[in-house]
Amino acid sequence: MENVLRPLIVIGGSVVLTLLIGWATDLLMRKADERHSETPLWGLLRRGRIPYQLVIFAALLRGSYDEARVLEAHRIGIGRTLTLVLIGATAWLTIRIAAAVVETTYTRYTRAQRDPARVRRVRTQVTLITRVVTAIVAVVAIAAMLLTFPAMRAAGASLLASAGILGIVAGVAAQSTLSNMFAGLQIAFGDMVRIGDTVVVDGEWGTVEEITLTFLTVRTWDERRITMPVSYFTSKPFENWSRGGAQMTGIVYWHLDHSAPMDAMREQLRDILRDCPAWDGRAYDLTVTDSTPNTMQVRALVTAKDADDIWTVRVTVRERMLRWLSEHHPYALPRVNTADATLPPGVNGNRPTSPDGGPRRAHEPPRAGR
């Protein structure tokens, strides 16, 4: 009877105690979250209740397993398995706590900061810091798991002795990976590009959607994703339309006839912009920037608060101005001139001829009439 009750008490007691401690801790964090609604810390910490309960259960069962006397022949293997579960659950819980603290700090910063550029910069840094912490904790946890095996502990001295050679070999083999990792840290803390920035890379216009230690994802205007190594942004030039502020100035060109009514076009541009919600009202202008024998180039400058709105303003102005010209001033649109050429004054349309009917040579003097 004792052989049956002892395992039930040990294992069942560990399960019940784990559930009670987990329930009480979750209840306290729920009340703290309701009382301190200005911070998301307690709500984020509640996401770690599963690894928290797993840590408690593995620790209780690991400490009391010897008293259960279950599967004595496999006692060492089961004990090692519980140790591995405890290490993995502890690493999982550490990552959740670190993520909660970092996310809470970022949330407080966004509430106090009104500059979108700085918010995007901090968001990029927070994302990369979280990834670095996760990688470090994972490496430490894996190393701790490996050291639970006696064979790995015995080989530790030789591994440390050859660490220098292995480091050189790994550095040469993973040169591109390491360069991308350092480039990712440089991007995060060098404020070169941030999550949410509008960039142009290799002729593609898009928004930075994700930044990791090794690659960067750009979401284009047509919902495509371009994945590029972060080292690209530290070694090649690229356009960042959001750096220094999201406000932008756009250009619209028309090729019109020389008789286009410029004053009326300026008034029409003003009316178009007033009806366009995407225009931020900062500035506008319309001037002639170039001319050819058949047309002239008219340029309109418009402003908007970001890259998305400037695109809307440009296409709206281009479309409505062309429609207005075709309806009210069709003569202003470019056309092919098929009229006869106008000669200079004093020159008739016939070529001078000699008295005998042939064309006069260039140096032949006129002959006197008979």
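Further up the page is the structure itself.
Residues numbered from 1 in each chain as written. Predicted model: local features only at pLDDT ≥ 70, side-chain atom pairs only at ≥ 80, totals over all residues. Heavy atoms only, no water.

Peer 1: Go over the overall build of the protein, please, and point to the residues and values.
Peer 2: Of the regular secondary structure elements, the protein holds 12 helices and 8 strands. The proportion of buried residues among the 370 residues of the protein is 31%. At a minimum sequence separation of 6, the contacts of the protein that also span at least 24 residues come to 64%. (Helix = DSSP H or I, 4+ residues; strand = E, 2+ residues; numbered from the N terminus. Buried < 20%, exposed > 50% of the residue type's maximum accessible area, 1.4 Å probe, protein only. Contact = heavy atoms within 4.5 Å.)

Peer 1: Report on the pattern of salt bridges, specifying residues and quantitative values.
Peer 2: Taken as a whole and assessed by the stated rule, the structure comprises 15 salt bridges. The partner of Asp 306 in a salt bridge is Lys 305, and the shortest N-O contact between them spans 2.9 Å. Take Lys 305: its relative accessible area is 47%, and that puts it in the partly exposed class. Among the charged side chains, a network of salt bridges with common partners joins Glu 209, Arg 219, Glu 223 and Arg 225. (Salt bridge = Lys/Arg side-chain N within 4 Å of Asp/Glu carboxyl O.)

Peer 1: Which residues make up the pairing of strand E8 (residues 296-304), and what values do they have?
Peer 2: Bridge count for strand E6 (residues 248-256) against E8 is 9 bridges, and the pairing is antiparallel. Its bridge partner lying in E8, Met 248 is registered against Ala 304. Strand direction decides the pairing type here: strand E7 (residues 279-291) and E8, joined by 8 bridges, are antiparallel. Residue Asp 285 lies in a different strand from E8, and its bridge partner there is Leu 301. Once E7 ends, the chain turns through 4 residues before running back antiparallel as E8. (Pairing = 2+ DSSP bridges.)

Peer 1: Lay out the packing of aromatic side chains with the relevant residues and their values.
Peer 2: Under the counting rule described, the total for this entry stands at 1 aromatic pair. Arranged with centres 6.1 Å apart and planes meeting at 75°, the rings of Trp 279 and Tyr 284 form a pair that is edge-to-face. Taking relative accessible area as the criterion, Trp 279 reaches 18% and is therefore assigned buried. (Phe/Tyr/Trp six-rings, centres within 6.5 Å; stacked < 30°, edge-to-face > 60°.)

Peer 1: An account of the layout of surface pockets is requested, with residue identities and associated values reported.
Peer 2: Taken as a whole, the largest pocket spans an internal volume of roughly 280 Å³. What lines the largest pocket is Trp 205, Trp 221, Trp 241, Met 248, Thr 249, Gly 250, Ile 251, Ala 307, Ile 310, Trp 311 and Arg 314. Among the elements of the structure, E6 and helix H12 (307-328) are those that each provide at least two residues to the lining of the largest pocket. Computed from the structure, the second largest pocket encloses a volume of approximately 180 Å³. If you go around the second largest pocket, the residues you meet are Leu 44, Arg 47, Arg 96, Ala 99, Ala 100, Val 102, Glu 103, Arg 123, Val 126, Thr 127 and Thr 130. Elements with a contribution of two residues or more to the lining of the second largest pocket: helix H4 (75-112) and helix H5 (116-147). Tallying contributions element by element places H4 first for the lining of the second largest pocket, with 5 residues. Classifying every residue of the lining of the second largest pocket gives 5 nonpolar, 2 polar and 4 charged. (1 Å grid on protein atoms, 1.4 Å probe; cavity = no way out; pocket = protein on both sides within 12 Å on 5 of 7 lines; lining within 4 Å. Points joined across faces, edges and corners; volume = space filled by probe spheres on them. Nonpolar A, V, L, I, M, F, W, Y, C, P; charged D, E, K, R; others polar.)

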